[in-house]
Amino acid sequence: MPSPTDSPHPLGAELVRGFSLEMTGKDQRSLAEAAGTIPAGTRVNVTFLGNEDAGLRVAAAAAVRAAGHEPVPHISARRLASFGELDGFLDQLVTQARVTEVFAVGGDPVEPLGPFPDALALIASGRLQAHGVTGVAIAGYPEGHPEIDDASLWAALQDKASAVRSAGLSGSIITQFGFDTRPVLSWLAELRGRGIDLPVRIGVPGPAGIKRLLSYARRFGISSSAGIAQQYGFSLANLLGTAGPDRFVNDLAAGLDHRLHGEVRLHFYTFGGLSATARWAQDFRAGP
């Protein structure tokens, strides 16, 4: 019999409603396999990986649109070599996938390849609106960033939120995934206390093998393995098992106060498992 912490919270199903997903350019087959399980009109982010070219990213965004969903492609500022590269990419996204919203991120390179040192420069360039983009999402880090101090993270987030507003764009925040709801709730309260009122999509790992979850957590500098196991509700003695976000979603739903935390939805990092994540969401909303 499941423990009380694993029983569905009354507000958990509502929190899962309207979720968004993440895929890579190479996940187009997985997207097709997930047909029928992903609700129509779901926002699907398409990542901007260094080992995938623009053509693959555009094709993935077009596949999302063709499947009846809303493509939200990532644009990695520091990976863009020129204004022309950005213009060409945006033109293809709008023409082939009817993109209206993007996710602006700084990206991995320490030194920018071109004129965009960060996501703020991308948002402030005016290029997004020039191509008909009307919305932009920006990144949030409830558990901090392994290479950026908290004061700099908050300053950057406030600057980007202001730039989105000044540009006349609709905005939202998508957070890095985590396994502990406590820092998420504290971060949301501080976010609203700082006057940032953009809707937030909290990053959640979709159901996946425990080894894979721990691998991604280490890659992004998130918590310790023991801490993840304790908060997420799995055993390190069974690394061959699979863990789902049931406990995380229930705890988050129990702790949310919309007067304090504002508008909150979920964004699932699928780690290649679009079908598994969509089925999990479907089952979770249906209840036990």
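Here, every reference points to the structure presented above.
Residues numbered from 1 in each chain as written. Predicted model: local features only at pLDDT ≥ 70, side-chain atom pairs only at ≥ 80, totals over all residues. Heavy atoms only, no water.

## Notes on the overall build of the protein
Counted only if it meets this: In this description a helix means any DSSP run of H or I spanning at least four residues, a strand means any run of E spanning at least two, and both kinds are numbered starting from the N terminus. Burial status follows relative accessibility: with a 1.4 Å probe on protein chains alone, a residue under 20% of its type maximum counts as buried, one over 50% as exposed, and anything between as partly exposed. Whether two residues are in contact is decided by their heavy atoms: any pair within 4.5 Å suffices. Working definition of accessibility: Shrake-Rupley area with a 1.4 Å probe, residue cover restricted to the visible protein chains.
Within the protein one finds 13 helices and 10 strands. Scored against the burial criterion, the 288 residues of the protein give a buried share of 48%. Restricting the contact set of the protein to residue pairs at least 6 apart, pairs at least 24 apart contribute 80%. With the model as given, the accessible surface of the protein reaches about 12700 Å², and the carbon-plus-sulfur share is 51%.

## So, the packing of aromatic side chains
The condition that has to hold: Geometry of aromatic contacts follows a simple scheme: Phe, Tyr and Trp rings, the Trp one being its six-membered ring, pair when their centres are within 6.5 Å, and the pair is stacked under 30 degrees between planes, edge-to-face over 60, tilted otherwise.
Summed over the entire model, instances satisfying the criterion amount to nine aromatic pairs. Here the aromatic rings of Phe-268 and Trp-280 are separated by 5.6 Å at their centres, their planes lie at 65 degrees, and the arrangement is edge-to-face. A residue pair is termed long-range when its members are at least 10 positions apart, and Phe-268 in strand β10 (residues 264–269) and Trp-280 in helix α13 (residues 274–286) qualify at 12 residues. One exposure class covers both Phe-268 and Trp-280, and it is buried. By the ring-pair criterion, three or more aromatic residues cluster together here, those being Phe-19, Phe-268, Trp-280 and Phe-284.

## A short note on the packing of helix α8 (residues 181–193) against helix α11 (residues 246–255)
For the record, the criterion: Each axis is a line fitted through C-alpha atoms, and for a helix only the stretch in contact is used; angles between axes span 0 to 180 degrees, taken between their N-to-C directions. Two helices that cross are described as forming a left-handed crossing if the nearer one is turned anticlockwise from the farther one by less than a right angle, and a right-handed crossing if clockwise. Residue polarity is assigned by list, with Asp, Glu, Lys and Arg as charged and Ala, Val, Leu, Ile, Met, Phe, Trp, Tyr, Cys and Pro as nonpolar; anything else, Gly included, falls into the polar class.
Between α8 and α11, the shortest axis-to-axis distance is 10 Å and the interhelical angle comes to 35 degrees. Considering the relative orientation of α8 and α11, their crossing is right-handed. For the pair formed by α8 and α11, the contact residues are Thr-181, Val-184 and Leu-185 on the first element and Phe-248, Asp-251, Leu-252 and Gly-255 on the second. In terms of residue class, the contact of α8 with α11 is built from four nonpolar, two polar and one charged.

## Concerning the sheet that holds strand β5 (residues 135–140)
Heads up, the rule is: The pairing criterion is simple: DSSP has to find at least two bridges between the two strands.
Within the closed barrel, the eight strands sit side by side as β1-β2-β3-β4-β5-β6-β7-β10. Their pairing is parallel. Adjacent strand axes in the sheet meet at a mean angle of 30 degrees when their direction is disregarded. As paired elements, β5 and strand β6 (residues 170–175) share six bridges and run parallel to each other. Looking across to β6, one finds that Val-136 is bridged to Gly-171.

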